[in-house]
Each structure stands twice: as structure tokens, then as C-alpha cells.
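Working through the structure, step by step
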Amino acid sequence: MSRAGARVGVGTRFCYDGETVEVVEMAATPAGNEVVLKDTGGRLLRLSLKELLFSDRAAISPDGPGPSADDEGEIASVVLAQLDEAEKRSC
């Protein structure tokens, strides 16, 4: 499994329940960190940051190239790291 990191803040986009949403506000509350999301229709949704990051209902939408949450295969560095010495010499 590949791992990727992404900064989450105002402006970060996610696919949440099949809909594109954008973080428009973040707040620290006694119950934990919360985010306010805005969908393409302008509707607002407030939920915990934990729910957004760890739910199967949400996936980050990358702004550029690189590993993504819905990649089917491993990134090249992971595959190349698994080669033995003979396989590395034949490349």
C-alpha cells in the first residue's frame, strides 16, 4: 500500500459522498477540530475533521500529480524498492 500526505486547510477539496466539497473554515472546539465544507451548490456542512479524514465516505482531491487515495497500484519507488540486485542491474 502506498502512503501519501496532504495538507488539509481552507481551500482543500474532497470528494464527500460522491460530491465535490471544499474546506471553507476550520475550528477548534472542546469536542475536537471541526471543518465547514461548501459543496458546488453553495450548501454548507459542518463535521469533525476526524470524520472527514478517516471516513470511507471522503477522499481528498489532489491539486497536482502524485499519489492519490484511489490509486490502483503502487507508486514507482515502492515497486523499485522491492527489486533484488539482479533485477536492478537488468533495468
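Located above this text is the structure these notes cover.
From a predicted model like this one, the values you see are computed outputs, not experimental measurements. (Residues numbered from 1 in each chain as written. Predicted model: local features only at pLDDT ≥ 70, side-chain atom pairs only at ≥ 80, totals over all residues. Heavy atoms only, no water.)

Attention now goes to the side chain of Asp39. Looking at where Asp39 falls in the secondary structure, it is placed in strand E3 (residues 32-39). Taking relative accessible area as the criterion, Asp39 reaches 10% and is therefore assigned buried. For Asp39, the side chain forms a polar contact with the main-chain nitrogen of Gly42, separated by 3.0 Å. In terms of polar contacts, Asp39 uses its side chain to reach the backbone amide nitrogen of Arg43, at 2.8 Å. Not counting residues up to four positions away in its chain, the partners in contact with Asp39 are Glu19, Thr20 and Val21. (Helix = DSSP H or I, 4+ residues; strand = E, 2+ residues; numbered from the N terminus. Buried < 20%, exposed > 50% of the residue type's maximum accessible area, 1.4 Å probe, protein only. Polar contact = N/O pair within 3.5 Å; in protein donor to acceptor, adjacent residues only side chain to side chain. Contact = heavy atoms within 4.5 Å.)

Taken together, five strands build an open sheet; the order of strands is E4-E3-E2-E1-E5 and the sheet is antiparallel. Single-partner strands in this sheet number two, and they are strand E4 (44-48) and strand E5 (58-60). Strand after strand, the sheet turns through a mean of 40° between neighbouring axes, direction not considered. Where strand E1 (residues 13-16) lies against strand E2 (residues 19-29), four bridges are found, and the strand directions are antiparallel. When the bridges of E2 are listed, Cys15 appears paired with Thr20. (Pairing = 2+ DSSP bridges. Axes fitted to C-alpha atoms, helices over the stretch in contact; angles between N-to-C directions.)

Function cannot be read off these values alone, since they describe shape.
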